[in-house]
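# Residue-level structural notes
Spelled out from the first residue to the last, the chains are:
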Amino acid sequence: TVNGTPQAQWYLFTPSIANPAAPYVVIVDSHGTPVWWYRESVVGLGSDAKLLGKNSIVWTTQDSAGSGAYVVRDFAGQTEFMLTGKLDGHDLQLTPQGTFLAIRYVPRVCPPDCADMSQWGGSAQQAVIDAEILELDTNSNVLWSWKTRDHIDLSETGNSGWFPSVGNDIIHMNAVEPDGTDGVFF
């Protein structure tokens, strides 16, 4: 504590998110002194680093298309397992059951699977990207999935709707969180 105010003991971050010359995952103490680091050697930059329990650390490596895998390592840097499947690097969360929640973006092939974006100034035959939440086991098997296109209509976005300047990412997810043993927040 500092003057009776609790302070974090450790900080975990990936400086490579904005600096391709620094492809590291780093843990520093409360003074900013590095106490653990790992140089990511695969193609792509490390991001979304987090601790998994007391003995593992996980982060994603993203390729130039934005899809990648999460690598779970021990603190000696040895790979314990990887979660694959064109996962997005925004978030990965451990569930109470020991499975993982992840996000994936799935492009629609247009035609034939087009979205009508004319209501918002776009094309009546637009190729778009949908988001999915996946529950994965440690072998990357999909145990459960939830797709935005099955549950969220674009009319639910209110008056603002979709804007052509945004591109084809129509419902963008940044985070997913377990809610108890059978629920999900996003």
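On a predicted model such as this, the values are computed, not experimentally measured, just so you know.

## Structural notes on the layout of surface pockets
- In this structure, the largest pocket spans a volume of roughly 160 Å³.
- Surrounding the largest pocket, Trp-10, Tyr-11, Leu-12, Ile-27, Val-35, Trp-36, Leu-51 and Phe-75 form its lining.
- Residue assignment for the lining of the largest pocket shows that the elements contributing at least two residues are strand 1 (10-13) and strand 3 (34-39).
- It is strand 1 that contributes the most residues to the lining of the largest pocket, 3 residues altogether.
- Taken together, the residues of the lining of the largest pocket break down into 8 nonpolar, no polar and no charged.

## Points about the sheet that holds strand 2 (residues 24-29)
- Read from one edge to the other, the open sheet built from 3 strands follows the order 1-2-3, with strand pairing classed as antiparallel. Single-partner strands in this sheet number two, and they are strand 1 and strand 3. Adjacent strand axes in the sheet meet at a mean angle of 10° when their direction is disregarded.
- Looking at chain direction, strand 2 and strand 3 are connected through 5 bridges and run antiparallel. Bridging across to strand 3, Ile-27 finds its partner in Trp-36.

## Let's talk about unusual backbone geometry
- Pro-111 follows Cys-110 through a cis peptide bond whose omega is -10°.
- Each neighbour pair has its own omega, and for Pro-111 with Pro-112 the value is 15°, a cis peptide bond.
- Looking at the element boundaries, Pro-112 is found in the loop between strand 9 (100-107) and strand 10 (129-136).
- Although it is not a glycine, Ser-140 sits at a positive phi angle of roughly 70°.
- The topology assignment puts Ser-140 in the loop between strand 10 and strand 11 (142-147).
- Residue Ser-140 is classed as buried on the basis of its relative accessible area, which comes to 17%.

About the thresholds
Residues numbered from 1 in each chain as written. Predicted model: local features only at pLDDT ≥ 70, side-chain atom pairs only at ≥ 80, totals over all residues. Heavy atoms only, no water. 1 Å grid on protein atoms, 1.4 Å probe; cavity = no way out; pocket = protein on both sides within 12 Å on 5 of 7 lines; lining within 4 Å. Points joined across faces, edges and corners; volume = space filled by probe spheres on them. Helix = DSSP H or I, 4+ residues; strand = E, 2+ residues; numbered from the N terminus. Nonpolar A, V, L, I, M, F, W, Y, C, P; charged D, E, K, R; others polar. Pairing = 2+ DSSP bridges. Axes fitted to C-alpha atoms, helices over the stretch in contact; angles between N-to-C directions. Buried < 20%, exposed > 50% of the residue type's maximum accessible area, 1.4 Å probe, protein only.

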